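Given next are the chains, with one letter for each unit.
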Amino acid sequence: MGKDMGNQAPTDQGFAPKQQEDEQLARQKAIDEWLPITSSRNAKWWYSAFHNVTAMVGAGVLSLPYAMSNLGWGPGVVVLVLSWIITLYTLWQMVEMHEMVPGRRFDRYHELGQYAFGEKLGLYIVVPQQLIVEVGVCIVYMVTGGKSLKKFHDLVCESCKPIKQTYFIMIFASVHFVLSHLPNFNSIAGVSLAAAVMSLSYSTIAWTASVHKGVQPDVQYGYKATTTAGTIFNFFSALGDVAFAYAGHNVVLEIQATIPSTPEKPSKVPMWRGVIVAYIVVALCYFPVALIGYWMYGNSVEDNILISLNKPVWLIAMANLFVVVHVIGSYQIYAMPVFDMMETVLVKKLNFKPSTMLRFVIRNLYVAFTMFVGITFPFFGGLLGFFGGFAFAPTTYFLPCVMWLAIYKPRKFSLSWWTNWLCIVFGVLLMVLSPIGGLRLIILQAKTYEFYS
């Protein structure tokens, strides 16, 4: 008996690591199938189109005429067009880099960062910025959703007793306590499609209603600020608004991860098709709103164009509702990668069991957190400029270029090399200048602000 045991033991030991490896792989696979980003890979190219439109065209579009009024005609048009071209280029780079290593997919922004800069450094560079963007957007959207609901209520029912904005933000949040439990990107496709249609609709309402109203009698196109310092600070802040308007890159790899891919049919083909459609829609939303809004109102335009337009009442009320629906979809698109990160850490690092309960608790806490911060600091414009420069500029304008240079190492002074460096310089300028203007705005607005009003 003892002899038999002796014979048996070594073979068992040889067998164990293989079995452990298989178990580990099976566990990894089960976890990947549970995590929101990698769980279903059967998206069509048009999913990528409307996910990208929803991610890109934020409520930021409504502050573009105001940004134009602080930039002026010349610089304003240049910054808008340059941003459109540069961000399209960096988006193309990310779509290309998603599968540049044969047999591997970079499903998340930070995985690409780790490949470019190394395991640890990649995480430190990408994750904080991506989180600032995604959580920042969710908070800003809580405020926007609440504000637009309040505006809708005030327009429809003028004789009603005024309700605090705080309550409207809570009403808006209540939708997310339900929607946040949709497991993955493909399951929010319907929400996202509705959001994309809405963004086109309210952008169109914004500029057609402006045209209908006509150029205001006492319109002025000079800078609003009376001092030179004020003009310069406003200029910087407006740069942040523009950077914020082009911020879909933080979720682009995550969206691409939902598209099936084979060596013959790589995911970049359908993804890129979707991106092109999305960018045409973005141009149709952004340029008319920014240029026509500024042309009609000059420098007296509000930081949300819909506030400048009060008539026809039913149309503007509708536009505000559209904003609410769109922001609901946008919030979900930006929250999904955050859910993915939190769930990955809990399941892979802290060894929690992947369960519905875990998801329920984590996601509700997240929605509650964004709601609370939104209620506490609702000075929308300044926050936008501040965060816009800090995190949006890097992740959208130049981080993809830095990765491209690190991975592909194009020849010095070649076209690719110059293009990337120009984007990097433009992006760094945006990153440094816009928070300065945004911070000043926050300070000015905070003077008159009462908490939880």
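Predicted model only: the values in this text are computed from it and were never measured.

Rules behind the numbers
Residues numbered from 1 in each chain as written. Predicted model: local features only at pLDDT ≥ 70, side-chain atom pairs only at ≥ 80, totals over all residues. Heavy atoms only, no water. Helix = DSSP H or I, 4+ residues; strand = E, 2+ residues; numbered from the N terminus. Rg over C-alpha atoms; globule rule 2.2 N^0.38 Å. Buried < 20%, exposed > 50% of the residue type's maximum accessible area, 1.4 Å probe, protein only. 1 Å grid on protein atoms, 1.4 Å probe; cavity = no way out; pocket = protein on both sides within 12 Å on 5 of 7 lines; lining within 4 Å. Points joined across faces, edges and corners; volume = space filled by probe spheres on them. Nonpolar A, V, L, I, M, F, W, Y, C, P; charged D, E, K, R; others polar. Disulfide = S-S within 2.5 Å. Salt bridge = Lys/Arg side-chain N within 4 Å of Asp/Glu carboxyl O. pLDDT = per-residue confidence, 0-100. Contact = heavy atoms within 4.5 Å. Axes fitted to C-alpha atoms, helices over the stretch in contact; angles between N-to-C directions. Parallel < 35°, antiparallel > 145°, perpendicular 65-115°, else oblique. Left-handed = near helix turned anticlockwise from the far one by under 90°. Core = buried A, V, L, I, M, F, W, Y, C linked by side-chain atoms within 4.5 Å. Polar contact = N/O pair within 3.5 Å; in protein donor to acceptor, adjacent residues only side chain to side chain.

1. Focus on the overall build of the protein chain
- On a plain count of helices and strands, the protein chain comes out with 16 helices and zero strands.
- Taken over C-alpha atoms, the radius of gyration comes to 24 Å for the protein chain, in line with the 22 Å a tight globule of 453 residues would show.
- Within the protein chain, buried positions represent 55% of all 453 residues.

2. Some remarks on the layout of surface pockets
- There is about 790 Å³ of room inside the largest pocket.
- Around the largest pocket, the lining comprises 25 residues; the ones closest to its centre are H110, E111, Q114, L123 and T344.
- The set of elements that each furnish at least two residues to the lining of the largest pocket consists of α5 (109-117), α6 (119-156) and α13 (313-349).
- Of the residues belonging to the lining of the largest pocket, the class tally is ten nonpolar, four polar and eleven charged.

3. A look at the state of the cysteines
- Within the structure shown, the criterion is met by one disulfide.
- The disulfide partner of C157 is C160, and the gap between their sulfur atoms is 1.5 Å. Judged by the torsion about the S-S bond (75°), the C157/C160 disulfide is right-handed.
- On the basis of relative accessibility, which here comes to 21%, the residue C157 falls in the partly exposed class.
- Residue C160 is classed as partly exposed on the basis of its relative accessible area, which comes to 30%.
- C423 takes part in no disulfide bond, and the closest cysteine sulfur to it belongs to C401, at a distance of 4.2 Å.
- Taking relative accessible area as the criterion, C423 reaches 5% and is therefore assigned buried.

4. A short note on the pattern of salt bridges
- Taken as a whole, this structure holds ten salt bridges when the rule is applied.
- Between K29 and E33 there is a salt bridge, with the nearest N and O atoms lying 3.0 Å from each other. Pair noted here: K29 and E33 are both in helix α1 (residues 2-34), with a separation of four residues, about one helical turn.
- Accessibility expressed as a relative area gives 52% for K29, which makes it exposed.
- Owing to a relative accessible area of 46%, E33 belongs among the partly exposed residues under this scheme.
- K348 is the salt-bridge partner of D32, the closest N and O atoms lying 3.6 Å from each other. You can see D32 sitting in helix α1 and its partner K348 sitting in helix α13, a full 316 residues away along the chain.
- By relative accessible area, which is 27% here, D32 ends up partly exposed.
- Judged by its relative accessible area of 31%, K348 falls in the partly exposed class.

5. Notes on the confidence of the model for the protein chain
- This prediction gives the protein chain a mean pLDDT of 85; 93% of its residues lie at or above 70.
- Taken together, the stretch residues 5-11 has pLDDT below 50 and engages in zero contacts with residues farther than four places along the chain or on a different chain.

6. Re the packing of helix α2 (residues 45-56) against helix α8 (residues 189-213)
- Where α2 meets α8, the axes come as close as 8 Å, and the angle between the chain directions of the two elements is 60°. If you check the angle between α2 and α8, you find them oblique. α2 and α8 meet at a crossing whose hand is left-handed. Residues Y47, F50, H51, V53 and T54 of α2 form the contact with α8, whose participating residues are A189, S192, L193, A195, A196 and S199.
- Per-class residue counts for the contact of α2 with α8 are seven nonpolar, four polar and no charged.

7. Observations regarding the nonpolar core
- Y246, Y286, Y397 and M403 are the most contacted members of the largest nonpolar core, which has 125 residues in total.
- Among the elements that make up this core, the one with the highest residue count is α13 (16 residues).
- Ranked by size, the runner-up nonpolar core spans seven residues in total, among them L35, L346, V347 and L358.

8. A word on empty space enclosed by the protein
- For the structure on display, the rule yields two cavities of 30 Å³ or more.
- As for the largest cavity, its lining consists of 13 residues, and the residues nearest its centre are A55, M56, G58, Y141 and F244.
- Within the residue set of the lining of the largest cavity, elements represented by two or more residues are α2, α6 and α9 (228-245).
- Grouping the constituent residues of the lining of the largest cavity by class yields eleven nonpolar, two polar and no charged.

9. A word on the side chain of R108
- Locating R108 in the fold gives a position in the loop between α4 (73-97) and α5.
- Side-chain polar atoms of R108 contact the side chain of E111, separated by 2.8 Å.
- Look past the residues within four positions of R108 in its chain and what remains in contact with it is L35, I37, T38, L253, E254 and D340.

10. Some thoughts on helix α3 (residues 64-71)
- In terms of burial, α3 is largely enclosed, as eight of its eight residues are buried.
- Regarding α3, the residues found buried are L64, P65, Y66, A67, M68, S69, N70 and L71.
- Residues of α3 that are buried sit in contact with α4, α9, α11 (268-297) and α12 (305-308).

11. Considerations on the environment of S199
- You can see S199 is positioned in helix α8.
- Residue classification places S199 among the buried residues on the basis of a relative accessible area of 0%.
- Setting aside chain neighbours within four positions, we find S199 in contact with V53, V57, C285 and H326.
- Of note is the side chain of S199, whose polar atom sits 2.6 Å from the backbone oxygen of A196.

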